[in-house]
Amino acid sequence: MTERYDVVIIGGGPGGYVAAIRAAQLGLKTACIESRGSLGGTCLNIGCIPSKALLQSSEKFAEAGRDFAEHGIKVGEVSLDLGSMMSRKDRVVTTLTRGVEFLFRKNKVDWLKGKGRIAAPGRVVVAGADGGTQEIEAASIIIATGSESTPLPGIEIDEKRIVSSTGCLALDRVPGRLVVIGGGYIGLELGSVWQRLGAKVTVVEVLDHVVPNMDRELGTALQRVLARSGIEFKLGTKVAGVRQGPDELTVELEGAAGQSLTADVVLVAIGRRPYTEGLGLDAVGVALDEHGRVVVDDGFATNIPGIYGIGDVIRGPMLEHKAAEEGVALAERLAGQKTSVDYDAIPAVIYTWPEVASVGRTEEELKAAAISYRIGKFPFTANPRARTNGYTEGFVKILAESDTDRVLGVHIIGPDAGTLVAEATLAKEFGASAEDIARTCHAHPTLSEALKEAALAVDGRAIHI
Ligand SMILES: Cc1cc2nc3c(=O)[nH]c(=O)nc-3n(C[C@H](O)[C@H](O)[C@H](O)COP(=O)(O)OP(=O)(O)OC[C@H]3O[C@@H](n4cnc5c(N)ncnc54)[C@H](O)[C@@H]3O)c2cc1C
């Protein structure tokens, strides 16, 4: 007999698994189809989590060799056991993906293992790894199939010497020379990992600045710090191809910065594209846009009744928390609620050292929209906690609307910026003014005082600078 569900979700990443859990909490009979051997999608298996595990480990390695002496701590010779570092990363991933399996069991979500295809509205076929197929019925189908690395034409990824982020998270030795193609957050995070572990890293970026979606001032500041730490940048430079020799790779360049670079490993990190292969969208008539994204309306509905899309596969920033918020919102809508996502209050974080975090509009966006704003800035050099911790790099920048003082954007580069941005996101969510932040009592000594001081600076009355 064909099993009938209220909701069937294709894809068990942060969009899909969160939607599944929320739908089940709301009493909907729910199944989630995932073809990977574990739940959690790109984020838990080959994205956010393994990259942050390696960033944490490599930062500890760098600190031990670089910073401990300043604190009066003498360590012997610091050496690297890459195998153990990778095993730790794998353990973190396994613990978290098993955690999602546990949550599925707890909430009575059925995990259907295999590749899902929409046969018709209301009907999904699951092709298992063993060759068997199962057909199920669903009142609502959610496409949550995520994204994949965008390939660079003419450059073949072998995940050994020419790698995507996936291969770069699992190298079995530290490359002597790593060339990163693409100055976005994935390239800079993974470049940082291997630079800290001893690689000579060069980032090649076609634009004249890194992290193009961030406020330009932060991108410039980040590039300066990373360059000081030893990462080389070739901006305004296009990669024309990669030649493979027996001992090394030659990265051929076009543009201002020279002709070629030699490398042991090349990371292609030029972005990600929506993944809809084998889903049968053509046959069912689900509309895609010119970037291959599933087109949805404000309620995540596609043009075909009963079929929805969330996460990386639809428009908007390709971020875990954006996908998860959409999962919750859609599940609640399917249960009759009116939930929506506030796209103006989605933070973005780059987990380099220092971290970079931002929420809301950039200065460039405000200028382009002819919105009048005031800026408040405060450097971490003047923040006592940053001093005690010994990490004084960076600043907080708040952009507030001139007439109303409403917070339009908050941009932070500095220690623990990814945590600090939560307060700014809450401020955006509540429609706070800079004055609201400035009048809020912040514990001393904390890094968050820099946010308060930046809010005071919007009105020219910061105390500690
Ligand atoms: C290296 C790296 C680092 C990242 N770091 C961060 C970070 O720090 N913070 C952050 O917010 N974001 C980060 N991201 C982005 C984040 O991983 C994605 O935004 C997020 O995973 C998107 O969730 P999703 O559910 O839309 O899709 P995905 O996580 O891609 O999940 C989709 C799932 O669908 C499955 N699937 C696809 N087609 C089918 C099918 N036909 N049948 C069955 N299953 C199918 C896939 O196997 C996959 O598991 C990172 C990404 C990468 C690559």
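Residues numbered from 1 in each chain as written. Predicted model: local features only at pLDDT ≥ 70, side-chain atom pairs only at ≥ 80, totals over all residues. Heavy atoms only, no water.

## Let's talk about the layout of surface pockets
Our working definition: Only protein atoms enter the 1 Å grid used here. Points where a 1.4 Å probe fits but cannot escape make up a cavity, open sets with protein on both sides within 12 Å along at least five of seven lines make up a pocket, and a residue lines them when an atom lies within 4 Å of a point. Grid points are joined across faces, edges and corners, and a volume is the space filled by probe spheres set on the points. Secondary structure elements follow DSSP: runs of H or I no shorter than four residues count as helices, runs of E no shorter than two count as strands, and numbering proceeds from the N terminus. Throughout this entry, Asp, Glu, Lys and Arg are counted as charged residues, while Ala, Val, Leu, Ile, Met, Phe, Trp, Tyr, Cys and Pro are counted as nonpolar. The remaining residues, Gly among them, count as polar.
Its boundaries defined by the atoms lining it, the second largest pocket holds a volume of some 480 Å³. Around the second largest pocket sit 21 residues that line it, and R66, V225, S229, W353 and E393 are the ones nearest its centre. Elements with a minimum of two residues in the lining of the second largest pocket: α3 (48-66), α6 (185-196) and α7 (216-229). At four residues, α7 tops the list of elements feeding residues into the lining of the second largest pocket. Per-class residue counts for the lining of the second largest pocket are seven nonpolar, seven polar and seven charged.

## A word on the sheet that holds strand β20 (residues 373-379)
Either a parallel or an antiparallel arrangement is found when strands of a sheet pair, and the pairing is made through backbone hydrogen bonds. Put simply, the rule reads: Think of it this way: DSSP has to see at least two bridges between two strands before they count as a pair. Helix axes are fitted to C-alpha atoms over the stretch in contact, other axes to C-alpha atoms as well, and angles between N-to-C directions run from 0 to 180 degrees. Residue contacts are counted whenever heavy atoms from the two residues lie within 4.5 Å of one another.
Taken in spatial order, the five strands line up as β18-β19-β22-β21-β20 in an open sheet, and their pairing is antiparallel. Strands at the two margins of the open sheet, each flanked by one partner only, are β18 (348-350) and β20. Going from strand to strand, the sheet's axes swing by 10° on average, the running direction of each strand aside. Alignment of strand β21 (residues 395-401) against strand β22 (residues 407-414), held across six bridges, turns out to be antiparallel. By the bridge assignment, I398 is partnered in β22 with V410. Across the sheet, helix α12 (residues 417-429) touches β18, β19 (355-360) and β22, and the angle it forms with β19 is around 10°.

## Comments concerning the pairing of strand β4 (residues 115-120)
Pairing geometry for β4 and strand β5 (residues 123-127), over five bridges, is antiparallel. By the bridge assignment, R117 is partnered in β5 with V125. Hairpin connection of β4 to β5: two residues between the antiparallel strands, including G122 at a positive phi of 85°.

## What to know about the pattern of salt bridges
What counts here: Any carboxyl oxygen of Asp or Glu within 4 Å of a side-chain nitrogen of Lys or Arg constitutes a salt bridge here. Only protein chains enter the accessibility calculation, which uses a 1.4 Å probe; a residue whose area is less than 20% of its type maximum is buried, one above 50% is exposed, and one in between is partly exposed.
Using the criterion set out here, one finds 31 salt bridges in the structure. Between E232 and K234 there is a salt bridge whose closest N-O contact spans 3.4 Å. Here E363 ties to K397 by a salt bridge, and the two come within 2.6 Å at their closest N and O atoms. On the criterion of sequence distance, the pair formed by E363 in helix α10 (residues 363-368) and K397 in strand β21 is long-range, its members being 34 residues apart. Residue classification places E363 among the buried residues on the basis of a relative accessible area of 12%. Several salt bridges share partner residues, and in doing so they unite D215, E217, E363, K367, K377 and K397 into one network.

## Quick look at the packing of helix α1 (residues 14-25) against helix α4 (residues 82-107)
Heads up, the condition is: In this scheme, roughly parallel covers angles under 35 degrees and roughly antiparallel covers those over 145, while 65 to 115 is roughly perpendicular and the rest are oblique. Each helix crossing is assigned a hand: it is left-handed if the near helix lies turned anticlockwise from the far helix by less than a right angle, otherwise right-handed if that turn is clockwise.
Here α1 crosses α4 at 20°, and the two axes come no closer than 9 Å. Judged by the angle between their axes, α1 and α4 are roughly parallel. The handedness of the crossing between α1 and α4 is left-handed. For the pair formed by α1 and α4, the contact residues are Y17, A20, I21, A24 and Q25 on the first element and V100, L103, F104 and N107 on the second.

## A few points about the sheet that holds strand β15 (residues 265-268)
Overall, parallel pairing links the five strands, which are arranged β8-β15-β9-β10-β11 in an open sheet. The sheet is open, and its two borders are formed by β8 (162-163) and β11 (232-234), each paired with just one other strand.

## With respect to the site of the ligand
Stated formally: Nearness is judged by heavy atoms alone; a residue qualifies as near a molecule or strand once a single heavy atom is within 4 Å of it. In protein, a polar contact means a hydrogen-donor-capable atom and an acceptor-capable atom, both N or O and within 3.5 Å, with residues adjacent in sequence counting only if both atoms are side-chain atoms; elsewhere, any N or O pair within 3.5 Å suffices. Where accessible areas are quoted, they stem from the Shrake-Rupley method and a 1.4 Å probe; at the residue level, only the protein chains shown are allowed to cover.
Neighbouring the ligand are 40 residues, the closest being E34, T42, K52, G116 and E320. G15 has a polar backbone atom sitting 2.9 Å from an oxygen atom of the ligand. Between L319 and the ligand, the recorded distance is 3.2 Å, taken from a backbone N or O atom to an oxygen atom. Burial of the ligand by the protein amounts to 96% of the accessible area it has alone, namely 1,000 Å². Elements with a minimum of two residues in the shell around the ligand: α1, β2 (30-34), α2 (41-46), α3, β4, α6 and α9 (320-334). Per-element tally for the shell around the ligand: the top contributor is α2, with four residues. Per-class residue counts for the shell around the ligand are 15 nonpolar, 18 polar and seven charged.

## Description of α12
Here is the rule we go by: Helix span is expected to be 1.5 Å times the residue number reduced by one.
Here α12 contains 13 residues, and its C-alpha end-to-end distance of 18 Å stays within 8% of the 18 Å for a straight helix at 1.5 Å per residue. Looking at the buried side of α12, the elements it contacts are β18, β19, β22, α13 (434-439) and α14 (449-458). A positive phi of about 65° marks G431, the residue just after α12.

These figures capture arrangement, not role.
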